[in-house]
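# An overview of the molecular structure
The chain contents come next:
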Amino acid sequence: MRATTIHAPFDMRVEDVPDPVVQEPTDVVLRVLRACICGSDLWAYRGEAVRQPGQRIGHEFLGIVEAAGSDVTGFAVGDLVVAPFVWSDGTCEYCAEGLQTSCPRGGFWGSVGSDGGQGEAVRVPFADGTLVKLPADAASDDRLLTALLALSDVLGTGHHAALGAGVTKGSTVAVVGDGAVGLCGVLAAKRLGAERIIALGRHAARTDIARAFGATDVVAERGEAAEAAVRELTGGQGAHGVIEAVGTEQSMRTAVAIARDGGSIGYVGVPHGSGTGLDLSVMFDRNIALRGGVAPVRAYIPELLPDVLAGTIDPSPVFDLTVGLDGVPAGYKAMDERTALKVLVKP
């Protein structure tokens, strides 16, 4: 089969690799119908996250079961399924608690020795604990299929951030970051009943999506100017909940500064230099809570799936560029140069 591999910073290739096969009785082999490029993939692309030459990449995908191991009970050949961005056995204490990202036998797609989602097929370990079945007729609905792909990561991650930010009905929420996760955080905050949602972002195409997703206000400034703007919009108090979807020192400083006393920050931006953005004495004095981390999206898919199927929420607008498998290297370049928000891949 063909799959995307990374060989060095900015060196992405689509190459012939061995076809995946069932290796364990709990495996399935999945033919990929939709995949995408994540903002977190860019850290490897830029060389800021180490990868071995030839390593697979991609962790967001859905597709059709092509083969199933003898112990797989929940899926059959021909089923349409979505995969969260980590696999998990579904039987450990962490999985039972809804924290599948800490499963001792779990792992991330594209890690050494595993398939990545940006290819024609994937071997899925622990299929019963990992995959979620989708309605078969969704395979013929292009828009719905694209919306369902967001369940693999960005929609669930935005939801995780909104929960961490303590979003409740009638609350005021600020969202730091106008990438796909931040935009899905806007969608999640709206879904949870936030009355006012302030999106921080400078790119009109992205803030237009934020408004369509439920943002009531947009702040285009950064740093102290952004802090002042949010304070002015909130009568000097700040937001009850802040979604931090970037992961830099500046974004975390902004998140703390625009949080209301007694408020909460839900952080899901992959940290890259954000540690010094936290001043615990300030957070202590102002009773600001910090919750978040890697989103256990497998726990959220059953809750979010009905709303996506019903069209109550539609995250598909975050995909603004579509490529075939051969176009994946160009897709990385487009996202790195910020000419694309999130690239959809149709193998």
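All of the points below concern the structure found in this document. Everything quoted here is computed from the prediction, not taken from an experiment.

## Quick look at the overall build of the protein chain
For the protein chain, the helix and strand inventory stands at 12 helices and 18 strands. Against the compact-globule benchmark of 20 Å for 347 residues, the protein chain has a radius of gyration of 20 Å, which places it among compact chains. In terms of overall dimensions, the protein chain has C-alpha extents of about 60 × 40 × 35 Å along its principal axes. The burial tally for the protein chain puts 55% of its 347 residues in the buried class. Intrachain contacts of the protein chain at a sequence separation of at least 6 include 70% that bridge at least 24 residues. Accessible area for the protein chain stands at about 14,000 Å²; split by element, carbon and sulfur atoms hold 51% of it. Measuring between centres, the 29 positive side-chain charges of the protein chain sit 4 Å from its 42 negative side-chain charges.

## Section: the side chain of His 159
With respect to the element layout, His 159 can be found in helix H5 (residues 154-164). Discounting residues that sit within four places of it in the chain, His 159 has contacts with Ala 188, Arg 191, Leu 192, Tyr 300, Glu 303 and Leu 304.

## Observations concerning the environment of Gly 201
Note on placement: Gly 201 falls in the loop between strand E12 (196-200) and helix H7 (204-213). Residue class for Gly 201 comes out buried when judged on its relative accessible area of 9%. The spatial distance from the C-alpha of Gly 201 to the C-alpha of Val 175 is 8.8 Å, given a sequence separation of 26 residues.

## A closer look at the packing of H5 against helix H6 (residues 180-191)
Contact geometry for H5 and H6: axes closest at 7 Å, N-to-C directions at 60°. As judged from the angle between their axes, H5 and H6 are oblique. Handedness of the crossing formed by H5 with H6: right-handed. For the pair H5 and H6, contact is made by Val 154, Leu 155, Thr 157, Gly 158, His 159 and Ala 162 and by Ala 180, Val 181, Cys 184, Gly 185, Leu 187, Ala 188, Ala 189 and Arg 191, respectively.

## A look at the environment of Asp 326
Of note, Asp 326 is situated in the loop between strand E17 (321-324) and helix H12 (328-336). Under the relative-accessibility criterion, Asp 326 is labelled exposed at 61%. Taking the C-alpha atoms as reference points, Asp 326 and Val 124, separated by 202 residues in sequence, lie 23 Å from one another. Discounting residues that sit within four places of it in the chain, Asp 326 has contacts with Arg 2 and Val 14.

## Let's talk about the nonpolar core
The biggest cluster of nonpolar side chains holds 52 residues, and the ones touching the most others in it are Leu 62, Leu 148 and Leu 155. With 8 residues, H6 is the single largest residue contributor to this core. Excluding its chain neighbours within four sequence positions, the residues that come into contact with Leu 62 are Leu 30, Arg 31, Val 32, Leu 33, Arg 34, Leu 80, Val 81, Val 82, Leu 134, Leu 145, Leu 148 and Leu 149. Listed in part, the 33 residues of the second largest apolar core include Leu 30, Ala 83, Tyr 332 and Ala 340.

## A closer look at the sheet that holds strand E16 (residues 289-292)
For sheets, the rule is that strands pair by backbone hydrogen bonds, running either parallel or antiparallel. The strand order E13-E12-E11-E14-E15-E16 describes an open sheet built from 6 strands, whose pairing is parallel. The open sheet has two edge strands with one neighbour each: strand E13 (217-219) and E16. If you compare each strand with its neighbour and ignore which way they point, the axes differ by 20° on average. Examined bridge by bridge, strand E11 (residues 172-176) and E12 share 5 bridges and lie parallel to one another. Directly across from Ala 174, in E12, lies its bridge partner Ile 198.

## Focus on the sheet that holds strand E2 (residues 11-16)
Read across the sheet, 3 strands follow the order E2-E1-E4 without closing on themselves; strand pairing throughout is antiparallel. At either margin of the open sheet sits one strand with a lone partner, and together these are E2 and strand E4 (55-56). Taken together, the 2 bridges between strand E1 (residues 2-8) and E4 define a ladder with antiparallel strand orientation. When the sheet's bridge partners are listed, Thr 5 is paired in E4 with Arg 56.

Cut-off values and rules
Counting of residues starts from 1 at the beginning of each chain's written sequence and follows it residue by residue. The predicted nature of this model means local features are confined to residues of pLDDT at least 70 and side-chain atom pairs, given and counted, to a pLDDT of 80 or more, with totals for whole chains, interfaces and linings taken over all residues. For side-chain calculations, the full set of non-hydrogen atoms in the structure is used, while hydrogens and water are omitted. Think of it this way: any DSSP run of H or I at least four residues long counts as a helix, any run of E at least two long counts as a strand, and we number them from the N terminus. The globule rule used here is 2.2 Å times the number of residues to the 0.38 power, and the radius of gyration it is set against is calculated over C-alpha atoms. Whether a residue is buried, partly exposed or exposed follows from its accessible area with a 1.4 Å probe, protein chains only, as a fraction of its type maximum: under 20%, in between, or over 50%, in that order. Contacts between residues were defined by any pair of non-hydrogen atoms, one from each residue, lying within 4.5 Å. Per-residue and other accessible areas were derived by the Shrake-Rupley procedure at a 1.4 Å probe size, with only the shown protein chains allowed to occlude residues. Just so you know, the count uses Lys and Arg for positive and Asp and Glu for negative, and it drops His and the chain ends. Each charge is placed at NZ for Lys, CZ for Arg, CG for Asp and CD for Glu. Axes here mean lines fitted to C-alpha atoms, for a helix over just the part in contact, with angles spanning 0 to 180 degrees between N-to-C directions. Relative orientations are named as follows: roughly parallel for angles under 35 degrees, roughly antiparallel for angles over 145 degrees, roughly perpendicular for angles from 65 to 115 degrees, and oblique for any other angle. A crossing counts as left-handed when the near helix is turned anticlockwise from the far one by less than a right angle, and as right-handed when that turn is clockwise. Here, nonpolar core means buried Ala, Val, Leu, Ile, Met, Phe, Trp, Tyr and Cys residues that are tied together by side-chain atoms lying within 4.5 Å of each other. Pairing between two strands requires that DSSP report at least two bridges joining them.

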